[in-house]
Amino acid sequence: MDGTLLDLHFDSYFWLEHLPVRYADIHQMDAKAAREWLHQRIMQEQGTLNWYCLDYWSRELNVDIVALKAEVADRIAFRPHVQGFLQQVREAGLRSVIVTNAHRGSLSLKLARTDLADRVDAIVCSHDFGVPKEEQIFWSTLQEVEPFNPQRTLLIDDSLAVLASAKQYGIRYLLAIRQPDSQSPIRDINEFGAVDQFNELVPRGLKDV
């Protein structure tokens, strides 16, 4: 979802800019020192469910992460052409499911600011499974609650680690996003097929998936 359907800039800005300033203010620290410490501490959890868990970070940092995110919620936005793509999927008669590592607190904030929930058939949160998409057990658990044929499934994700996990599970069609954050450079991606904007997908023929 984040960096795929929604602009990752909201999350990047929050964790890299807004949180360090507010954390320093709340805990009466030097802003630069807070930024450096937060970066080191957060990176320790990369690839784990804790990395995405707002409850975990609220406890660890002794701040209300959801409330702080709400302070900059005006930055939540769709990536270009997403609405049109999702409409094409619906008109093609295909089932669309968001599988996200986003915590429920963050997910609720984003759904309140967009009509994303109305544009897809279901939303599955990895926190409900207790494992992130980077782990194989996520996909087998997903299969139990949202049955799918890996050979006829398309997964689009901004995370190369998630795409690698999906490939290992056997999902056939995999696409990466070149520019998850609209304020960051476009990435060179060689491991998977990749797109910049979703209007690139429409001519390919969704019914072939």
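Here the structure is a predicted model, which is why all the values come from computation and not from measurement.

## Some words on the pairing of strand β3 (residues 154-157)
Then step 1. In the sheet, β3 pairs with strand β4 (residues 173-177) via four bridges, with the strands oriented parallel. Residue pairing for β4: Ile-156 is matched across the bridge by Leu-175.
Then step 2. Once the chain exits β3 it traverses helix α10 (residues 160-169) before rejoining the sheet at β4, and the crossover so formed is right-handed.

## Here's the deal with unusual backbone geometry
Then step 1. A positive phi is found at Gln-28, a non-glycine position, where the angle reads about 55°.
Then step 2. Mapping Gln-28 onto the fold places it in the loop between α1 (9-26) and α2 (31-43).
Then step 3. Phi at Asn-62 takes a positive value of approximately 60°, unusual for a residue other than glycine.
Then step 4. Tracing the backbone shows Asn-62 in the loop between α4 (54-61) and α5 (65-70).

## Concerning the pattern of salt bridges
Then step 1. Evaluation of the coordinates by the stated rule reveals 13 salt bridges.
Then step 2. For Asp-128, the salt bridge goes to Arg-104, with nearest N and O atoms at 2.5 Å. With Asp-128 in the loop between β2 (122-125) and α9 (136-145) and Arg-104 in helix α7 (residues 104-113), the pair connects residues that are 24 residues apart, well separated along the chain.

## Some points on the layout of surface pockets
Then step 1. Taken as a whole, the largest pocket spans an internal volume of roughly 1100 Å³.
Then step 2. In this structure, the largest pocket is lined by 37 residues; those nearest its centre are Leu-8, Asp-11, Trp-51, Tyr-52 and Asp-158.
Then step 3. Of the residues contributing to the lining of the largest pocket, the split by class is 16 nonpolar, ten polar and eleven charged.
Then step 4. Empty space within the second largest pocket amounts to approximately 780 Å³.
Then step 5. Taken together, 30 residues form the lining of the second largest pocket, with Arg-95, Ser-96, Val-97, Thr-153 and Leu-154 sitting closest to its centre.
Then step 6. Put simply, the parts of the chain that give the lining of the second largest pocket at least two residues each are α6 (82-91), β1 (97-100), α9 and β3.

## Regarding the sheet that holds β4
Then step 1. Read from one edge of the open sheet, three strands run β3-β4-β5, paired in parallel fashion. Looking at which strands have only one partner, the edges of the open sheet turn out to be β3 and β5 (193-195). Looking at each pair of strands side by side, their axes are set apart by 30° on average, direction ignored.
Then step 2. Sheet analysis places β4 next to β5, joined by three bridges and oriented parallel. Paired with Leu-175 across the bridge in β5 is Gly-193.
Then step 3. Contacts from α10 reach β3 and β4, with the element oriented near 175° to β4.

Criteria and cut-off values
- Residues numbered from 1 in each chain as written.
- Predicted model: local features only at pLDDT ≥ 70, side-chain atom pairs only at ≥ 80, totals over all residues.
- Heavy atoms only, no water.
- Pairing = 2+ DSSP bridges.
- Helix = DSSP H or I, 4+ residues; strand = E, 2+ residues; numbered from the N terminus.
- Right-handed = clockwise from strand over helix to strand, strands pointing away.
- Salt bridge = Lys/Arg side-chain N within 4 Å of Asp/Glu carboxyl O.
- 1 Å grid on protein atoms, 1.4 Å probe; cavity = no way out; pocket = protein on both sides within 12 Å on 5 of 7 lines; lining within 4 Å.
- Points joined across faces, edges and corners; volume = space filled by probe spheres on them.
- Nonpolar A, V, L, I, M, F, W, Y, C, P; charged D, E, K, R; others polar.
- Axes fitted to C-alpha atoms, helices over the stretch in contact; angles between N-to-C directions.
- Contact = heavy atoms within 4.5 Å.

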